[in-house]
Amino acid sequence: MRRTLLYAVFAVALIAVGLLGYYMGRYYGEKTTVAPQHSTVIVATTTSLYQIGVLNDFFNDFNNSTRMNIKFDVLAKGTGEALRLLADGSACIGFVHAPVLELQYMNQGKIERLAVFGYNEFIIVGPSDDPANVSGASNSLEAFKRIYNAGENGLAKFVSRGDMSGTNVRELQIWNLTKLNPEGKQWYLKSGQGMAQTLLMADNLKAYTLTDVGSYINLVNNGKVNNLVVLKKDPLYLINVYSMYFSKAPACDDPFTLYIAYKLRDYIMSKGQDLLASKYKGLVEPVRGNETLILSAWEELTKLG
């Protein structure tokens, strides 16, 4: 009888512990997911991802998929400025595309890479009559040399973003590789603005410029760019890799913000890849299936200087 009673007490205790564990797990699980539902996270991003709509779709689909209601305040800047905002904690999540700058901030311990999630290409666009014969160049370095010579002869103009964005950094890297310096030349103009504004300026002047393919196609499809055509692609020097980062600044050292960042990373590397493949094909490609190749490309780009 006593043994039976002990077994009964033990069984009741086990059930009680199980129920307690269940409700505690449910309570803290709900607390982990419910608390961020009213959070605001500041995001710094390169203008291209913002202007072609990728980030807006990411954030909307993320909230729908997770049943959250996170408000993402987006600061669309050049990559250089976006990385600075991450470094000082003015933004906690960042989307950028300048590997050489990203590596510098990582080495300084100011940012943590969460994912390399997408890629496309930079292209050289210009007037259809192509006075510098860029279309006949063997690669982007030769194309820039031809633009330089045409500019010196009064035949061409080039519009640079001039804002230390990812696009501007790549442009400067190519100029550096050519051993030519266009700085201060009358034909070398700076917009000091985002990619869309730079393309519109080049279109108006019938000038050459370097752009990510997504921004160019988006403006052409919307009828805003009419005088520029694609003149040169270069898989070696013009691959464009997009990465996601988290700030290591004290202002972002918050468990809920970190939770949202990692949850967003998980979404982007799963459902977000499907979204890129279905809606942004040709604009921003998903890395899925090419992760090793794109990461290797990122590493090579850090060596361009």
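Residues numbered from 1 in each chain as written. Predicted model: local features only at pLDDT ≥ 70, side-chain atom pairs only at ≥ 80, totals over all residues. Heavy atoms only, no water.

A. Fine view of the pattern of salt bridges. According to the stated counting rule, one finds 14 salt bridges in the structure shown. Measuring nitrogen to oxygen at the nearest pair gives 2.6 Å for the salt bridge that ties glutamate 183 to lysine 190. A residue is classified by how much of its surface remains accessible, and glutamate 183, at 46% relative accessible area, is partly exposed. Linked by salt bridges that have partners in common, Glu81, Arg84 and Asp88 make up one network. (Salt bridge = Lys/Arg side-chain N within 4 Å of Asp/Glu carboxyl O. Buried < 20%, exposed > 50% of the residue type's maximum accessible area, 1.4 Å probe, protein only.)

B. Region of the structure containing the state of the cysteines. A complete count under the given rule lists one disulfide for this structure. Each sulfur in the disulfide pair cysteine 92 and cysteine 252 lies 2.0 Å from the other. Taking the torsion about the S-S bond as the criterion, the cysteine 92 to cysteine 252 disulfide, at about -90 degrees, is left-handed. Taken together, the residues cysteine 92 in the loop between α4 (79-87) and β3 (93-96) and cysteine 252 in the loop between β9 (239-247) and α10 (255-268) connect sequence positions 160 residues apart. The pair formed by cysteine 92 and cysteine 252 is uniform in burial state, with each residue classed as buried. (Disulfide = S-S within 2.5 Å. Helix = DSSP H or I, 4+ residues; strand = E, 2+ residues; numbered from the N terminus.)

C. Representation of helix α9 (residues 213-221) within the structure. Looking only at α9, the buried set comprises Val213, Gly214, Ser215, Tyr216 and Leu219. If you follow the buried residues of α9, they end up packed against α2 (47-51), β4 (111-127), α8 (195-205), β7 (209-212) and β8 (228-232). Where α9 terminates, the next one or two residues include glycine 223, which has phi positive at roughly 70 degrees. (Contact = heavy atoms within 4.5 Å.)

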